[in-house]
Structure formats: structure tokens, C-alpha cells
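Structure assessment
So the chains spell out like this:
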Amino acid sequence: IVNHAELDHAGAFKEVLRIAPNAEIICSDRGRDSLKGHFDFDRELTIVKTGDELNIGKRNLVFIEARMLHWPDNMMTYIKEDHILFSNDPFGQHLATSQRFVDELDEKFVMDHAARYYAQIVMPYSQLVLKKLEEVKSLNVPIDMICPAHGLIWRKNPEKILSAYERWAKGEAEDRAVIYFDTMWGSTDLMAREIAKGLTDSGVPVTVYNTRTSEWSLMARDLLLSKIVLVGSATLNMTMMPSVAGILAFFKSLRPPPKIASAFGSFGWGGGAVRDIISTLKEMKFNVIEPGLQFKWVPREDQLRECYEFGKQIAQKI
Ligand SMILES: Cc1cc2nc3c(=O)[nH]c(=O)nc-3n(C[C@H](O)[C@H](O)[C@H](O)COP(=O)(O)O)c2cc1C
């Protein structure tokens, strides 16, 4: 059963065909395209769709197509007798551990990785997640265990990850802020720190990332989980710095739910970074607080106080 043809799942497909020359190959309709597109083989495929059942002896399998979660071919397989859902990509984590089950590790740690996974892989398809969750609920079948194709197995309380997916797909974020910035000479960094102080002094926890040195999965996770998103950049060649442009392009492609957002940064003469960040945040349909905050060259003490106040004002928007 090929639930998904991506190479991190089905990379051994040809080897399996060699070992099992008489095996029936089962995939979704869209799986035909991705399997044929990745592997050169001349074997019949059995195409299944949502609701189709297969008896394998003592057990009966039910297939549930999960198109665009996260490729067109994605499919889940449910074992009726054991109430196990092989969910494929959804509910996974990019985690390689010697433990096999979530309950053998700190659940918060696994949930954090599940959030990173959701943010980077699943977030663009949040509307489909909500539909799929409804569809699975309407099947009215018990789910005792969820075995994703990545990371650990949800053996106890699988409803925890189901409800987390529902929250994330609905765009429910936490009362916290995230600041992303890049700088050449440190002025935008100074601004970021003062804005962060203003937020924390108002009771809003904040995470600050330098976009040039931070891990993208963490930055994406906090985009998912934060109500406030602030982006800062020094002006370089009349626009934002490349690392900020890069992360914003990635974030835009993730189609996050609306956030309270604004921009800040230092410039030398004509500026441009704050203007272009604001315009990108608007394209992302964020609730943008304009005109953002920018200072020429190195911010002075009174300007840093303005940054602090800016942080405090934005904290009130939650
Ligand atoms: C290579 C380079 C290109 C720059 N291009 C611009 C520009 O096009 N427009 C502008 O207003 N400032 C420009 N600046 C000036 C910076 O924006 C200014 O030095 C700013 O204070 C840097 O902020 P930072 O300390 O956060 O890096 C440029 C600076 C450098 C080093």
C-alpha cells in the first residue's frame, strides 16, 4: 500500500517490488501519477478511493484519501479491528528517536515538533485539514492509535494531536509575539530588543529571531503559534535584506492565518525596507499596523524609547 509516493516514504518502492514480485500495489488515483513519475516500473496498480475496503485475512483495511495533505496522492489507511489510523504525513513530526511512542517521551517536546511540522508542511492546507477532520469524525469510527509516517506514534490520547490540528487549522494562536529581523551594523537589532522589552513588560512573551542565523522550522513554528508578528530589516539597496525577503517569501507560501503585524528598521537615506515589508505583510492579509517604525542611521536614546513604546502599543492589540 503506497499511501504517498514522496521519496522519504516510498524511496524503497523498486526494492520492495523486487523482493515481492507478486505483490498487489495499491495507491490512490493521484498516487498513480506520482508513482509513475518517480519510478520506472511495469506493474499493474490497484487504485482505491475513500471508503474502499480491503480484507487481508484477520483484518480489514479502509482507505481514506487525503488529497493535498500535503501532496495530491496522500492517503490514509485505517485498520477496522485495531482502530489504528496510518495517517501518513498528517500528525507527524520530523523526529528520529529510539523511542517509538509519544508517551515514552515528554509530550510537550513531541507536541512542539508536531507544531513545527504542521507549520512547515501542513499550514498551507489548513482549510483541507478542517474538512478532513470533519470527514474522519463523520465516519464515526473509533481511533485508538495514530501512526504517522514521520516521528512518533500517538498511542495514548490520540485526540490530543487531533485537537491540536483543529486549533492550528482554525488559526487559533497564543497571546505571544515573534520578532524576525536582520541587520548589517546592529541598529535594527537595537530596535528589535527595545520593542521586545516593550512587549514583555506588557505581559506578552516574545521570541526574537535573527533571520540570517535562525532555524527556519523554529521561525515557522512561532509564526503559527503567535498572535503578533513583527518584522525588522535594515535597508539594503532600497529594500529589505535578503534573509528577511527569503523568510517572508517562505511565510507567504505557508498561507498563515491573519496576524497582528508591523515592520521596523534602520536606514541611511531613502529607506525602503519597512515599506516593502509592510507591503508583503499586507499581501499576506495580515492586520498591519502602519506605518511601522524606522529611524535614520543609529537610533538615539529617545528613539529607542519610542521602540519600547511601539512594543507596548502593539501588545495592547491582542
Ligand atoms: C551595502 C549597503 C547598502 C545600503 N543601501 C541603502 C539604501 O539603498 N537605502 C538606504 O536608505 N540605506 C542604505 N544603506 C544604509 C543602511 O540602511 C544604514 O547603514 C542602516 O543604519 C543600517 O542598519 P543596521 O545597523 O540595522 O544594519 C545601505 C548600507 C549598506 C552597507
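Note that this is a predicted model, so its numbers are computed, not measured. Per chain, residue numbering runs from 1 following the sequence as it is written. Since the coordinates come from a predicted model, pLDDT governs what is reported: local features require at least 70, and pairs of side-chain atoms require 80 or more to be given and counted, while whole-chain, interface and lining totals use all residues. In computing side-chain values, all of the structure's heavy atoms are included and hydrogens and water are not.

1. Here we look at the overall build of the protein chain
Just so we agree on the cut-off: Numbering goes from the N terminus for both helices and strands, where a helix is a DSSP run of H or I of at least four residues and a strand is a run of E of at least two. Pairs of residues are marked as contacts when any of their non-hydrogen atoms sit within 4.5 Å. In these tables, accessible area is a Shrake-Rupley quantity obtained with a 1.4 Å probe, and a residue counts as shielded only by the protein chains included in the view. When charges are counted, Lys and Arg contribute as positive and Asp and Glu as negative, whereas His and the chain ends are disregarded. Just so you know, the charge point we use is NZ for Lys, CZ for Arg, CG for Asp and CD for Glu.
The helix and strand tally for the protein chain stands at 11 helices and 13 strands. Sequence-distant contacts, at least 24 apart, represent 70% of the contacts inside the protein chain between residues at least 6 apart. Per element, the accessible surface of the protein chain, about 15,600 Å² overall, is 52% carbon and sulfur. Across the protein chain, the 39 positively charged side chains and the 42 negatively charged ones have centroids separated by 2 Å.

2. Comments concerning the nonpolar core
Here is a general trend for soluble globular proteins: nonpolar side chains tend to be buried in one another's company. Just so we agree on the cut-off: Among buried residues, the Ala, Val, Leu, Ile, Met, Phe, Trp, Tyr and Cys ones that are joined through side-chain atoms within 4.5 Å form a nonpolar core. Relative accessibility decides the category of a residue: with a 1.4 Å probe and only protein chains considered, values under 20% of the type maximum give buried, values over 50% give exposed, and everything between is partly exposed. Reported domain spans reflect what an automatic or database domain assignment gives.
If you look at the biggest cluster of nonpolar residues, it comprises 60 residues, and the most contacted ones within it are Ile161, Tyr165, Trp168 and Phe251. Residues from two domains meet in this core; each of domain 1 (7-169) and domain 2 (178-315) gives at least three. With near-sequence residues (within four places) excluded, tyrosine 165 lies in contact with Pro90, Phe91, Gly92, Tyr117, Tyr118, Val122, Val129 and Leu133. In this structure, Phe181, Ala192, Val204 and Ile228 belong to the second largest nonpolar core, which totals 20 residues.

3. So, the sheet that holds strand E7 (residues 145-148)
Sheets are built from strands paired through backbone hydrogen bonds, the pairs being either parallel or antiparallel. Just so we agree on the cut-off: For two strands to be treated as a pair, DSSP must find at least two bridges joining them. To get an axis, fit a line to the C-alpha atoms, keeping to the stretch in contact for a helix; angles then go from 0 to 180 degrees between the N-to-C directions.
Pairing is mixed in the open sheet, where 5 strands are placed in the order E3-E4-E5-E6-E7. The sheet terminates laterally at strand E3 (53-55) and E7, the two strands that pair on one side only. The mean angle between the axes of side-by-side strands here comes to 20 degrees, regardless of whether they run parallel or antiparallel. Of the strand pairs in this sheet, strand E6 (residues 84-88) and E7 are connected by 3 bridges, and their pairing is parallel. Looking across to E7, one finds that asparagine 88 is bridged to proline 148.

4. Description of the packing of helix H4 (residues 107-122) against helix H6 (residues 159-169)
Threshold: In what follows, roughly perpendicular refers to angles from 65 to 115 degrees, roughly parallel to angles under 35, roughly antiparallel to angles over 145, and oblique to any angle outside these ranges. When the near helix sits turned anticlockwise from the far one by under a right angle, the crossing is termed left-handed; a clockwise turn instead gives a right-handed crossing.
Where H4 contacts H6, the two axes come as close as 11 Å, and the packing angle between them is 40 degrees. It follows that H4 is oblique to H6 by the angle criterion. At the point where H4 passes H6, the crossing takes the right-handed sense. Contacts from Glu107, Met111, Ala114, Ala115, Tyr117, Tyr118 and Val122 in H4 reach Lys160, Ile161, Ala164, Tyr165, Trp168 and Ala169 in H6.

5. A word on the packing of aromatic side chains
Cut-off, in case you're wondering: Two rings belonging to Phe, Tyr or Trp (six-membered ring only in the last case) form a pair when the distance between their centres is within 6.5 Å. Interplanar angles under 30 degrees mark stacking, angles over 60 mark edge-to-face geometry, and anything in between is tilted. Charge-over-ring contacts are defined here by two conditions on Lys NZ or Arg CZ: a distance within 6 Å of the ring centre and an angle within 35 degrees of the ring normal.
Tallied over the full model, the rule gives 11 aromatic pairs. Note on tryptophan 216 and phenylalanine 250: the rings are 5.3 Å apart at their centroids and 40 degrees apart in plane angle, and the pair reads as tilted. Residue tryptophan 216 is located in helix H8 (residues 216-225), and its partner phenylalanine 250 is located in helix H9 (residues 242-253); the two are separated by 34 residues in the primary sequence. The ring of phenylalanine 41 carries lysine 36 above its face, with NZ or CZ at 4.5 Å from the centroid.

6. Topic: the site of the ligand
Rules: For each residue, the test is whether any non-hydrogen atom lies within 4 Å of the molecule or strand; if one does, the residue is near. Within 3.5 Å is the distance limit for a polar contact, defined as a pair of N or O atoms, with the added protein rule that one can donate a hydrogen and the other accept it, and that residues adjacent in sequence qualify only through two side-chain atoms.
In the neighbourhood of the ligand, 18 residues make up the surrounding shell, with Thr183, Met184, Trp185, Thr188 and Ser266 lying closest. Contact distances for the ligand include 2.6 Å between an oxygen atom and a side-chain N or O atom of serine 266. At 2.8 Å from an oxygen atom of the ligand is found a main-chain nitrogen or oxygen belonging to glycine 271. Counting residues per element, the ones that place at least two in the shell around the ligand are helix H7 (187-201) and strand E11 (260-267).

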